Amino acid sequence: MKKYFGKVIGLEEHFLAPDKISKKYRSSSVFSYAEASEFSKRLLDLGPLRISEMDEAGIDLQVLSLSAPGTEQMDPEEAASFSREVNEYIADTIKNYPGRFAAFATIPTPYPEKAADELERAVKQLGFKGAVVNGHTRGRYLDDASFEPILQRAEELGAPIYLHPTVPPSTVSETYYSRGLKKEVVYAFSTAGFGWHIETAVHILRLVLAGVFDRHPKLQFIIGHLGEGLPFMMERLDTRMPKELTALQKPISGYLKENIYYTISGFNFVPVFLDLYLHVGAERIMFSTDYPYSSMKAAVQFLRQLPISDNDKEKIAHVNAEKFLHF
């Protein structure tokens, strides 16, 4: 494909662990959904198929992350072993395709102390760019005191956490999404149609309101889908939950503009993009495609046609990622 940008780096690009790793952890039932998935071929491929589709779309590099639901619903020891094996597998993949792949580490959030150590190992020894966390850990969010080792280590390392959606806790799903609706509607409503995004927005707001970023002012998170609805709510959040109420050091929007980066990841919608762009500027937005769940070609085409300057397009395509993730 014709090159329109100096470089294109995708930050939310998914994979699944191969059978030789995942089969040992099937007791968790985490992988059952993927075995019948139409996307499984592309999720499992970290070779010629993926590279050819990247080339066709004009994408130079993907930052790989384990597809949801990840380790968060596993038993602690199982999650720790699995994370290490997955990270070794991805490190080997990166070596096989130099310059085409980087990675966010898989970490065992059910075992926070080992998760912090695995994050440090992945960043310092394997050269990974941060970690991916797929939502809540059995109903607990990252503002829970038990996850402090992860947050502290991430800040010390200067390693961002990419907070990716997952299915809401069962109590939330049952109350909000299930009652009186058809099964197929419930699934879409509670996941990609709405629930995933609200779940992630709530998770970020819990981190803000719990004072996580006051305690860890250098800590950075990344969220996808053009902000999971948060840009639309910024002014409302500030006016209805001012500092006098929250006892935070800044307005809520201050943290959303200074501690959060945002990616596109399948939200190829101009009005939504412009809302985010007007709130945080091009410097806080990075490119992603949400591969293979969304089209790489469509994402690049979307970026090309945005009504913003070429300079800002280049920032989103690669410059911001190069600076922030130290490429």
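Before any of the text, the structure's been laid out above.
Everything in this summary refers to the structure shown in the same document. (Residues numbered from 1 in each chain as written. Predicted model: local features only at pLDDT ≥ 70, side-chain atom pairs only at ≥ 80, totals over all residues. Heavy atoms only, no water.)

1. Overview of the pattern of salt bridges
To be explicit about the condition: For salt bridges, the criterion is a side-chain nitrogen of Lys or Arg within 4 Å of an Asp or Glu carboxyl oxygen. To qualify as a helix, a DSSP run of H or I must reach at least 4 residues; to qualify as a strand, a run of E must reach at least 2; elements of each kind are numbered from the N terminus. Accessible area is worked out with a 1.4 Å probe on protein chains only. A residue is then buried under 20% of its type maximum, exposed over 50%, and partly exposed in between.
For the structure shown, the criterion picks out 17 salt bridges. Here Arg121 makes a salt bridge to Glu118, at a shortest N to O gap of 2.9 Å. Here Glu118 and Arg121 lie together in helix H6 (residues 112-124), a separation of three residues that amounts to about one turn. Side by side, Arg121 and Glu118 carry an identical accessibility label, which is buried. Residue Lys315 is joined to Asp312 by a salt bridge in which the shortest nitrogen-to-oxygen separation is 3.6 Å.

2. Quick look at the environment of Tyr187
When you line up the elements, Tyr187 lands in helix H9 (residues 183-190). A sequence separation of 20 residues divides Tyr187 from Val167, and the C-alpha atoms of the two residues are 9.4 Å apart.

3. Describing the layout of surface pockets
The criterion, for reference: In this analysis the probe radius is 1.4 Å and the grid spacing 1 Å, with only protein atoms considered; a cavity is a set of points the probe fits into but cannot get out of, a pocket is an open set with protein on both sides within 12 Å along at least five of seven lines, and lining residues have an atom within 4 Å of a point. Grid points are joined across faces, edges and corners, and a volume is the space filled by probe spheres set on the points. Gly is placed with the polar residues, together with every amino acid not listed as nonpolar (Ala, Val, Leu, Ile, Met, Phe, Trp, Tyr, Cys and Pro) or charged (Asp, Glu, Lys and Arg).
The computed volume of the second largest pocket comes to approximately 220 Å³. When contributions to the lining of the second largest pocket are tallied by element, the ones reaching two or more residues are helix H10 (195-209), helix H12 (230-240) and helix H15 (270-280). Looking at the lining of the second largest pocket, the element that brings in the most residues is H15, giving three residues. Along the lines of polarity and charge, the residues of the lining of the second largest pocket split into eight nonpolar, four polar and two charged.

None of the figures reported here should be taken as evidence of function without further support.
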